[in-house]
Amino acid sequence: MNIVFFGPNGSGKGTQGAIIKERYKIPHIETGVIFRDNISQGTELGEKAKAYIDRGALVPDEITIPMVLNRLKGEDCTNGWLLDGFPRNVRQAVRLNEALTREGIDVDVCIEITLKRETAKKRIMGRRLCLNDNNHPNNINIEAIKPNGDRCRICGGELKKRDDDQDEAAIDQRHDIYYDSKNGTRAAIQYFKDLSDKRGIPAIVELDGGRSVEEVTKELIEKLGKLSLK
Ligand code: AMP
C-alpha cells in the first residue's frame, strides 16, 4: 500500500504515522527526518538544506524531489511506503505522480489530518524528540503522549527540542506553506483529490486531528481497514 500522508506540523502525523508503519509493515519516510539526519551527520545534502530548514522555508525542489524519488526505490519500499512531509507543493505532487506512473505504480491512499492553525502551533511548541527513535512521540501539551518527566515516555531516552519548533517565525512560515491552497501543501492535497475524482484512486481519507490521539487512531484504522487494497 502506497500512502501519502498530509497534515500541518503539529497535527499528530508523526504519531499516527508510527502506527501505520507498524500495522502495515511499510517504511515511514519522513522528508524532515531525512534532512535532519543529514544535518547531524554533516553531509553535503545536510549542509545545503540547513539554512532553509532553520527558517521554516522549503528546501528547493531540485534537492528534495530527486532525494525522495531515489528513496522510494529502496529495497524496503517494494511492498509499499508511507510518505510523510512530501509532497508539500503542487510541483512536488505532480513530479511524484509522474515518476510513479512511469514505474507503473500509484498512490493508493491520500490521508489528510485536518487541524486549526492555532491548535497546531500550540502542539508544535510542546513537541519533544526522542534521541533514540524518531517514532517515539512525546509532547508536553498533549496528555496522551506526555513525556515521563524529562525522558521519553516509551524508552526513557533523552529528549530534545527541535530548533525550528521553538522559533515562532519558522512555525508560521511552515504553516503559511501548508495552508496555502493555491501553490502550497493544501493545493497538493487538492491535486490528489482531483486525481481521485477522475480515476477513483487514490482513496481519500480525512481525519479530524482536533481529537485525542486514540480517537484519531481508531478512525484511521477503521477507514484504512475498509479499503480493499494490497
Ligand atoms: P518537517 O519535519 O516535516 O517539519 O520538515 C522540516 C523541514 O524540512 C521543513 O520545514 C522544510 O524546511 C524541510 N522539508 C521537509 N520536507 C520537505 C519537502 N517536501 N520539500 C521541501 N522542504 C522540505
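Residues numbered from 1 in each chain as written. Predicted model: local features only at pLDDT ≥ 70, side-chain atom pairs only at ≥ 80, totals over all residues. Heavy atoms only, no water.

Before going further, it helps to examine the site of the ligand. Residues in close proximity to the ligand total 16 residues, the closest being Asn-9, Thr-31, Ala-57, Gly-85 and Gln-92. Between the ligand and the protein, one listed contact pairs a nitrogen atom with a side-chain N or O atom of Thr-31 at 2.7 Å. Measuring from a nitrogen atom of the ligand, one finds a backbone N or O atom of Gly-85 at 2.8 Å. A total of four residues in the shell around the ligand trace back to one element, the largest contributor, which is helix α2 (residues 31–40). (Near = heavy atom within 4 Å. Polar contact = N/O pair within 3.5 Å; in protein donor to acceptor, adjacent residues only side chain to side chain. Helix = DSSP H or I, 4+ residues; strand = E, 2+ residues; numbered from the N terminus.)

Bringing the packing of aromatic side chains into the picture now. Following the criterion strictly, the structure yields three aromatic pairs and no others. Taken together, a centroid distance of 6.1 Å and an interplanar angle of 45° make the contact between Phe-6 and Phe-192 tilted. Of this pair, Phe-6 sits in strand β1 (residues 2–6) while Phe-192 sits in helix α8 (residues 185–199), placing them 186 residues apart in sequence. On the basis of relative accessible area, Phe-6 is assigned to the buried category, the value being 2%. For the pair Tyr-191 and Phe-192, a centre-to-centre distance of 5.5 Å together with 80° between the ring planes defines the contact as edge-to-face. Accessibility expressed as a relative area gives 0% for Phe-192, which makes it buried. (Phe/Tyr/Trp six-rings, centres within 6.5 Å; stacked < 30°, edge-to-face > 60°. Buried < 20%, exposed > 50% of the residue type's maximum accessible area, 1.4 Å probe, protein only.)

Assigned domains within the chain: domain 1 (2–121 + 168–225) and domain 2 (128–161). The partner domain 2 presents seven residues to the 11 residues of domain 1 that form the contact. With both sides pooled, the region where domain 1 packs onto domain 2 buries about 570 Å², and carbon together with sulfur makes up 56% of that total. Across the domain 1-domain 2 interface, the total number found is zero salt bridges. If you tally residues by element for the side of domain 1 that touches domain 2, the top one is helix α1 (residues 13–24), at four residues. Considered class by class, the residues forming the side of domain 1 that touches domain 2 number three nonpolar, three polar and five charged. (Domains from an automatic or database assignment. Contact = heavy atoms within 4.5 Å. Buried area = accessible area lost by both parts, 1.4 Å probe. Salt bridge = Lys/Arg side-chain N within 4 Å of Asp/Glu carboxyl O. Nonpolar A, V, L, I, M, F, W, Y, C, P; charged D, E, K, R; others polar.)

Below, the discussion takes up the pattern of salt bridges. Enumeration over the complete set of coordinates arrives at 23 salt bridges. We note a salt bridge from Asp-61 to Arg-91, for which the minimum N-O separation is 3.2 Å. With Asp-61 in helix α4 (residues 61–71) and Arg-91 in helix α5 (residues 90–103), this pair connects stretches of sequence that are 30 residues apart. Residue Asp-61 is classed as buried on the basis of its relative accessible area, which comes to 11%. Between Lys-121 and Asp-172 there is a salt bridge, with its nearest N and O atoms 3.3 Å apart. One end of the pair, Lys-121, is in helix α6 (residues 117–126); the other, Asp-172, is in helix α7 (residues 168–178), with 51 residues separating them in the sequence. Assessed through its relative accessible area of 28%, Asp-172 is described here as partly exposed.

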